[in-house]
Amino acid sequence: MHASTLAYATRLFLAATLALTFARWLGLSNIYWAAMPVWVVIQPNREDMALRAVLRVAGTLVGAGIGIAALRWLPVPGIALTVALTAAIGVGIAYRIGTHWAYGFTLMAITIGVVVMPALGMGAEAIPLALDRVYCTLIGVASVTAVNWLFTPARAVPMAPRPNPHFAQQLWIRMAAVATLTGAATLLDAHFSHPAATAAGLSVVVFSAVLGSMPNPRPAVRFLVPGVALGVLAAVSYRTLAPLTGGDPAAPLILAFAFIAGGALLRAHPRTSLMGIDINMCFLLAGEIGAPGHSLPVTAAGAATMFLTSAAIAALMFFLSHLHPPLETA
């Protein structure tokens, strides 16, 4: 493996483990969320990384605020409608912008689901959960930026604008699809009140928002399903091995670091970089890294649900991207 790839993987590993360790030291509930920004905020150019860091925080704050307001003042149907509209609007604006500036709207669409789904499905308290997510996001963004800033070159040329306008049909098709998917997922999550249902709801929000906001999701779709499969398999393996580490409370987190080291190599390698994002995200989320977590059967059920949901969303977005595609992706 090339030395530059190993150096890149080392920085990703350091950023992720630093974020997890600091979040654990602060006593946050779901510390795995602190490592989430590491895999996507990192960019080839310093300006793009800084922009992503700022937009990640801004999108998280806005999405969390809307989610908290809906949970406090609306009944379940109103909450579902709010999630659907927020996700659809975020995806629509992100799709229309089509550059790095779109990232904040994608995060807004994702974060409202991240706040609402656990509160409805598992009875988590909305405000502590939202604050936990915000703190973890700040930690992750600070970690990846601090570790990689000096090693990331400045942009040599200005950011290229979108070469062609989008077809209005494609924009409205995606917004309608995301609204329908996220609204239905919210209602189902509230009805079933099971961790697997919450995993399904979160997967619907995340995958539909990410793929729906892409100008051309087809390249990402190719890597999504195998990436999710490997990520949830790693999560189940981690939860299988964690009880064997003994009574030391730090041992499961150290075990997770071994998995993260492999994930960092996959994210750093040019051939597996896109798939590496999905692997690391799904490992952290399905394995509830650093948290007490659920039993192994419940973890396996959630992992299976996450995989099946990702496959369904990938197939749908691949199909929708063929309907009135933008000129640059036709």
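Each remark here, short or long, concerns the structure printed above.
Residues numbered from 1 in each chain as written. Predicted model: local features only at pLDDT ≥ 70, side-chain atom pairs only at ≥ 80, totals over all residues. Heavy atoms only, no water.

*Asks:* When you look at the overall build of the protein in this model, what are you seeing that I'm missing?
*Replies:* Counting secondary structure elements, the protein contains 13 helices and 0 strands. Reading the protein from its N end, one meets helices and strands in the order α-α-α-α-α-α-α-α-α-α-α-α-α. By the compact-globule yardstick of 20 Å for 330 residues, the protein fits well, its C-alpha radius of gyration being 19 Å. Counting only C-alpha atoms, the protein reaches 55 × 50 × 30 Å along its principal axes. Expressed as a percentage of its 330 residues, the buried residues of the protein come to 54%. Contacts in the protein between residues at least 24 apart in sequence constitute 80% of all its contacts with a sequence separation of at least 6. Looking at the protein as shown, the accessible area adds up to about 13900 Å², and 74% of this sits on carbon and sulfur atoms. (Helix = DSSP H or I, 4+ residues; strand = E, 2+ residues; numbered from the N terminus. Rg over C-alpha atoms; globule rule 2.2 N^0.38 Å. Buried < 20%, exposed > 50% of the residue type's maximum accessible area, 1.4 Å probe, protein only. Contact = heavy atoms within 4.5 Å. Areas by Shrake-Rupley, 256 points an atom, 1.4 Å probe, with all protein chains shown as cover.)

*Asks:* Sorry if this is basic, but what is going on with the nonpolar core here?
*Replies:* When a protein is soluble and globular, its nonpolar side chains tend to lie buried together. Trp39, Phe283 and Leu284 are the most contacted members of the largest nonpolar core, which totals 78 residues. Residues within four places of Trp39 in sequence aside, it is in contact with Leu12, Ala16, Ile260, Gly263, Ala264, Arg267, Ile277, Asn280, Met281 and Leu284. (Core = buried A, V, L, I, M, F, W, Y, C linked by side-chain atoms within 4.5 Å.)

*Asks:* What exactly am I supposed to notice about the pattern of salt bridges here?
*Replies:* Two side chains carrying opposite charge are able to pair once their charged atoms lie near each other. In the structure shown here, the tally under the stated rule is 1 salt bridge. Asp48 is the partner of Arg155 in a salt bridge, and the nearest nitrogen-oxygen pair spans 2.3 Å. One end of the pair, Arg155, is in the loop between α7 (126-148) and α8 (168-192); the other, Asp48, is in helix α4 (residues 46-73), and 107 residues separate them in sequence. Given the relative accessible area of 2%, Asp48 is considered buried. (Salt bridge = Lys/Arg side-chain N within 4 Å of Asp/Glu carboxyl O.)

*Asks:* Just to check I follow, could you spell out the packing of α8 against helix α9 (residues 195-212) for this structure?
*Replies:* Each pair of packed helices can be described by the angle between their axes along with the distance between the axes. At their nearest, the axes of α8 and α9 sit 8 Å apart, and the two run at 170° to each other. Classed by the angle they form, the pair α8 and α9 counts as roughly antiparallel. Each of Arg174, Val178, Leu181, Thr182, Ala185, Asp189 and Phe192 in α8 lies in contact with α9, whose residues at this interface are Ala197, Thr198, Gly201, Val204, Val205, Ser208, Leu211 and Gly212. For the contact of α8 with α9, the residue count by class is 8 nonpolar, 5 polar and 2 charged. (Axes fitted to C-alpha atoms, helices over the stretch in contact; angles between N-to-C directions. Parallel < 35°, antiparallel > 145°, perpendicular 65-115°, else oblique. Nonpolar A, V, L, I, M, F, W, Y, C, P; charged D, E, K, R; others polar.)

*Asks:* Mind showing me how you'd approach the packing of aromatic side chains here?
*Replies:* When we look at a pair of aromatic rings, we describe it by the centre distance and by the angle of the planes. Taken as a whole and assessed by the stated rule, the structure comprises 6 aromatic pairs. Between the aromatic rings of Phe22 and Trp25, the centroid separation amounts to 5.6 Å while the plane-to-plane angle is 25°, which identifies the pairing as stacked. Linking Phe22 with Trp25, this pair stays in helix α1 (residues 3-25), spanning 3 residues, or about one helical turn. Classification of Trp25 by relative accessible area gives exposed; the value is 67%. Considering the side-chain rings of Tyr238 and Phe259, the 6.2 Å spacing of their centres and the 90° angle between planes classify their relative orientation as edge-to-face. Taken as a pair, Tyr238 in helix α10 (residues 218-241) and Phe259 in helix α11 (residues 251-268) lie far apart in primary sequence, 21 residues in all. (Phe/Tyr/Trp six-rings, centres within 6.5 Å; stacked < 30°, edge-to-face > 60°.)

*Asks:* Help me understand the environment of Ala53, please; the structure alone is not making it clear to me.
*Replies:* Mapped onto the elements, Ala53 comes out in helix α4. Setting aside anything within four residues of it in sequence, one finds Ala53 in contact with Val41, Val141 and Thr145.

*Asks:* Just to check I follow, could you spell out the packing of α8 against helix α13 (residues 296-320) for this structure?
*Replies:* Here α8 crosses α13 at 160°, and the two axes come no closer than 10 Å. The angle between the axes of α8 and α13 places the two elements in the roughly antiparallel class. Considering the relative orientation of α8 and α13, their crossing is right-handed. In this structure, α8 uses Gln170, Ile173, Ala177, Val178 and Leu181 to contact α13, whose residues at the interface are Ile313, Leu316, Met317 and Leu320. Split by residue class, the contact of α8 with α13 holds 8 nonpolar, 1 polar and no charged. (Left-handed = near helix turned anticlockwise from the far one by under 90°.)

*Asks:* Got a minute to help me understand a nonpolar patch on the surface in this structure?
*Replies:* Nonpolar side chains collect at one region of the surface, where Leu81, Leu85, Ile89, Ile93 and Phe105 lie side by side and expose about 410 Å² of accessible area between them. For the nonpolar patch, the element with the most residues is helix α5 (residues 76-97), which contributes 4 residues. Turning to its location among the elements, Ile89 is positioned in helix α5. (Patch = residues over 30% accessible without salt bridge, like charges linked within 9 Å, V, L, I, M, F, W, Y side chains within 5 Å.)

*Asks:* Explanation requested: the environment of Ala250 in the structure shown.
*Replies:* Residue position: Ala250 is located in the loop between α10 and α11. With relative accessibility at 24%, the residue Ala250 sits in the partly exposed group. For the pair formed by Ala250 and Leu20, sequence separation is 230 residues and the distance between their alpha carbons is 12 Å.

*Asks:* Could you clarify how one ought to interpret helix α12 (residues 273-287) in this entry?
*Replies:* Every α-helical turn comprises 3.6 residues, leaving residues that sit three or four positions apart pointing alike. Compared with the 21 Å implied by 1.5 Å per residue over 15 residues, the 21 Å span of α12 between its first and last C-alpha is a close match. Burial runs high along α12: 14 of the 15 residues are buried. At the C-terminal side of α12, Glu288 shows a positive phi close to 45°. (Expected span 1.5 Å × (residues − 1).)

*Asks:* Any chance you could explain the side chain of Asn30 here in plain terms?
*Replies:* On the secondary structure map, Asn30 appears in the loop between α1 and α2 (32-35). Relative accessible area serves as the criterion here: at 17%, Asn30 is assigned to the buried category. Excluding anything up to four places from it in sequence, Asn30 contacts Leu129, Asp132, Arg133, Cys136 and Ala291.

*Asks:* Looking at this structure, how should I read the layout of surface pockets?
*Replies:* Taking a probe equal in size to a water molecule and rolling it over the atoms shows the remaining empty space. The calculated volume of the second largest pocket comes to roughly 530 Å³. Looking at the second largest pocket, it is lined by 28 residues, and the ones nearest its centre are Asn30, Tyr32, Met122, Glu288 and His294. Elements with a minimum of two residues in the lining of the second largest pocket: α7, α9, α12 and α13. In terms of residue class, the lining of the second largest pocket is made up of 17 nonpolar, 7 polar and 4 charged. (1 Å grid on protein atoms, 1.4 Å probe; cavity = no way out; pocket = protein on both sides within 12 Å on 5 of 7 lines; lining within 4 Å. Points joined across faces, edges and corners; volume = space filled by probe spheres on them.)

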